[in-house]
Amino acid sequence: MLEVAIIGGGPAGLSAGLYATRGGLKDVIMFEKGMPGGQITTSSELENYPGVAEVKSGFDFMAPWQEQCFRFGLKHEMAEVIRIKKKLDFFVIVLSDGKEIEAKSVIVATGGSPKRSNVKGEDTYWGKGVSSCATCDGFFYKNKEVAVLGGGDTAIEESIYLAKICSKVTIIHRRNEFRAAPITVQRAKSLSNIEFLTPYGIEEICGDNSGVTGLKLKNLENNATKEINIAGIFMLIGYNVNNAVLMQEDGTSLCAMNEYGQAIVNLKMETNIPGLFVAGDLRQDAPKQVVCAASDGATAALGAIEFVEHHK
Ligand code: FAD
Ligand code: NAP
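This one's a predicted model, so the numbers in the text were calculated from it and none came from an experiment.

### Notes on the side chain of Gln-66
Among the secondary structure elements, Gln-66 is positioned in helix α2 (residues 58–71). When sequence neighbours within four positions are dropped, the list of residues in contact with Gln-66 reads Leu-14 and Pro-36.

Structure representation (structure tokens):
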């Protein structure tokens with residue numbers, strides 16, 4: 001039986017692997033369905049990880065993380081986990097090929113992904129002017145004009161954040177009403193460098209070799225078209241959390257989740273199920289940053305070591 005099973009090999013899973021193995025646990029496997037590294041490997045530039053002054057691609061940034069973990073004995077199994085079940089005082093990890101592995105403790109770090117709009121040009125210019133993270137990429141547009149797609153809390157809050165950095169923010173939303181809290185919308189409306197375009201949709205994200213240059217928009221009430229020049233567009237239309245591994249055959253969740261499907265954890269990354277930890281973007285209130293996911297992973301591993309020690 002494994003001492004700890006780690007599900008997911010992004011910043012949270014790898015950091016958990018490093019701390020669990022370096023902390024003395026011998027039987028630790030990290031199950032990752034693809035190459036380790038997580039979502040950040042799709043980013044062309046990362047410049048906000050403390051202590052790493054050089055701007056790197058997400059792929060290059062994550063490469064040494066695996067190396068470091070494997071040096072301390074973390075084992076990696078390239079496999080998709082379908083479900084985690086609780087049996088008596090241990091867990092069963094069910095893989096997509098039907099194999100079942102037992103573990104005393106589990107750290108779930110399966111992360112998530114921003115929703116895509118599938119508008120023309122989104123894929124072409126993703127990472128070259130199209131972004132889903134204002135905290136990550138806002139600074140690249142200092143004193144430039146940007147747009148935000150979406151009308152939820154994330155879109156409006158991030159627009160307020162961007163308005164402090166960028167010269168102008170145009171919020172494009174498909175309805176005249178907003179999902180975001182009225183007070184947040186009011187706050188955005190009170191800022192002179194935020195413009196609202198509703199009910200508008202994006203017809204096309206336009207650009208050239210340097211990246212995004214503008215948007216072709218359509219008024220969804222009267223079909224009038226409009227073009228705006230912007231250097232960046234933030235697609236803030238929601239986020240999918242990868243919580244499927246926690247769902248049980250009867251439709252219930254293995255641990256408590258909030259209304260957005262994020263796992264509820266305490267400051268030790270403990271769920272309400274003893275021995276089950278959740279770290280990174282899958283947990284409630286995750287700041288969705290590499291440094292935060294890594295910190296969660298380390299915290300969860302320290303908790304898992306303590307749990308395993310007390311349940312020998
Ligand atoms: P993830 O990175 O999502 O890793 C989860 C891993 O679990 C994945 O590798 C996935 O394959 C695996 N997995 C999922 N389900 C299963 C399963 N069933 N079985 C096995 N494996 C599974 N953050 C910053 O700090 N700075 C930035 O500049 C920045 N830029 C970003 C740019 C982009 C384009 C994106 C998408 C994100 C960016 N982020 C940035 C956010 C950052 O990438 C995430 O906050 C961070 O990766 C979350 O780490 P995680 O380990 O929780 O999850
Ligand atoms: P969200 O509430 O689901 O809002 C997504 C927004 O994007 C909606 O306005 C939606 O339009 C729009 N949208 C979705 N798909 C689109 C598409 N294909 N094209 C164009 N527009 C599209 O997502 P969120 O803002 O990320 O928030 C997620 C949850 O977290 C929410 O419950 C939110 O309240 C919560 N949250 C809370 C806070 C806070 O309390 N401070 C902060 C952030 C998030 P429609 O409205 O027309 O559907």
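Anyway, onward from the coordinates.
### Considering the site of ligand 1
Lining the immediate surroundings of ligand 1 are 32 residues, of which Glu-32, Asn-48, Val-81, Asp-281 and Val-290 lie closest. In this structure, Gln-289 approaches ligand 1 through a side-chain N or O atom, which is 3.1 Å from an oxygen atom. Within the complex, the protein chains bury 93% of what would otherwise be the 1000 Å² of accessible surface of ligand 1. Put simply, the parts of the chain that give the shell around ligand 1 at least two residues each are α1 (11–22), β2 (28–32) and α6 (290–310). By residue class, the composition of the shell around ligand 1 is 13 nonpolar, 14 polar and five charged.

### Focus: the packing of α1 against α6
Between α1 and α6, the least distance of the axes is 7 Å, while the angle of their chain directions is 40 degrees. Considering only the axes of α1 and α6, their crossing is right-handed. Contacts from Pro-11, Ala-12, Ser-15, Ala-16, Tyr-19 and Ala-20 in α1 reach Val-290, Ala-293, Ala-294, Gly-297, Ala-298, Ala-301, Leu-302 and Ile-305 in α6. Taken together, the residues of the contact of α1 with α6 break down into 12 nonpolar, two polar and no charged.

### With respect to the UniProt feature "domain: FAD/NAD(P)-binding" (unreviewed entry) in the protein
Listed under "domain: FAD/NAD(P)-binding" (unreviewed entry) in the UniProt record, and renumbered for this structure, are residues 3–297. In the segment residues 3–297, helix accounts for 19% and strand for 30%; the C-alpha atoms at its two ends are 16 Å apart.

### Some points on the pattern of salt bridges
Scanning the model with the defined rule gives nine salt bridges in all. The partner of Lys-85 in a salt bridge is Glu-100, with the nearest N and O atoms 3.7 Å apart. Placement of the pair is Lys-85 in strand β4 (residues 81–87) and Glu-100 in strand β6 (residues 100–108), with a sequence separation of 15 residues. Judged by its relative accessible area of 23%, Lys-85 falls in the partly exposed class. With relative accessibility at 45%, the residue Glu-100 sits in the partly exposed group. Between Glu-204 and Lys-120 there is a salt bridge, and its shortest N-O distance comes to 3.8 Å. In this pair, Glu-204 sits in strand β12 (residues 200–208) while Lys-120 sits in the loop between β7 (112–114) and β8 (130–131), placing the two residues 84 residues apart along the sequence.

### Let's talk about the state of the cysteines
Formally, a disulfide is one covalent bond, and it connects the sulfur atom of one cysteine to the sulfur atom of another. Applying the stated criterion across every chain yields a total of one disulfide. Through a disulfide, Cys-133 is tied to Cys-136; the S-S separation comes to 2.1 Å. On the sign convention where negative means left-handed, the S-S torsion of about 70 degrees between Cys-133 and Cys-136 marks this disulfide as right-handed. For Cys-133, a relative accessible area of 16% gives the class buried. You can call Cys-136 partly exposed: its relative accessible area is 28%. Sulfur of Cys-166: no disulfide; nearest cysteine sulfur belongs to Cys-133 and is 13 Å away. The class of Cys-166 is buried, set by a relative accessible area of 4%.

### Section: the site of ligand 2
By nearness alone, 14 residues border ligand 2, and Asp-153, Glu-157, Arg-175, Arg-179 and Tyr-260 come closest of all. For ligand 2, the accessible surface in isolation is 910 Å², of which the surrounding protein chains cover 67%. Looking at the shell around ligand 2 element by element, the count peaks at three residues for helix α4 (residues 153–163). A per-class count over the shell around ligand 2 returns three nonpolar, six polar and five charged.

### Observations regarding the packing of aromatic side chains
Tallied over the full model, the rule gives five aromatic pairs. Plain terms: the ring middles of Tyr-49 and Trp-65 are 5.8 Å apart, the flat faces sit at 70 degrees to each other, and that makes the pair edge-to-face. Of this pair, Tyr-49 sits in the loop between β2 and α2 while Trp-65 sits in helix α2, and the two are 16 residues apart along the sequence. Seen from their ring centres, Tyr-141 and Phe-234 are 5.7 Å apart, and the 85 degrees between their planes marks the pair as edge-to-face. Residue Tyr-141 is located in the loop between α3 (134–137) and β9 (145–149), and its partner Phe-234 is located in strand β15 (residues 232–235); the two are separated by 93 residues in the primary sequence. As far as burial versus exposure is concerned, Tyr-141 and Phe-234 are alike and both buried. Taken together, the aromatic side chains of Tyr-49, Phe-61 and Trp-65 make up a single cluster linked through ring pairs. The ring of Phe-196 has Lys-189 sitting right over it, with the charged end atom 5.2 Å from the ring centre.

### Some remarks on the sheet that holds β8
The parallel open sheet is built from five strands, whose spatial order is β8-β15-β9-β10-β11. Each having just a single partner strand, β8 and β11 (194–197) make up the two edges of the open sheet.

Conventions and cut-offs
Residues numbered from 1 in each chain as written. Chains lettered and ligands numbered in written order. Predicted model: local features only at pLDDT ≥ 70, side-chain atom pairs only at ≥ 80, totals over all residues. Heavy atoms only, no water. Helix = DSSP H or I, 4+ residues; strand = E, 2+ residues; numbered from the N terminus. Contact = heavy atoms within 4.5 Å. Near = heavy atom within 4 Å. Polar contact = N/O pair within 3.5 Å; in protein donor to acceptor, adjacent residues only side chain to side chain. Areas by Shrake-Rupley, 256 points an atom, 1.4 Å probe, with all protein chains shown as cover. Nonpolar A, V, L, I, M, F, W, Y, C, P; charged D, E, K, R; others polar. Axes fitted to C-alpha atoms, helices over the stretch in contact; angles between N-to-C directions. Left-handed = near helix turned anticlockwise from the far one by under 90°. UniProt positions renumbered as here; feature names shortened; annotations may be inferred. Salt bridge = Lys/Arg side-chain N within 4 Å of Asp/Glu carboxyl O. Buried < 20%, exposed > 50% of the residue type's maximum accessible area, 1.4 Å probe, protein only. Disulfide = S-S within 2.5 Å. Phe/Tyr/Trp six-rings, centres within 6.5 Å; stacked < 30°, edge-to-face > 60°. Lys NZ or Arg CZ within 6 Å of the ring centre and 35° of its normal. Pairing = 2+ DSSP bridges.

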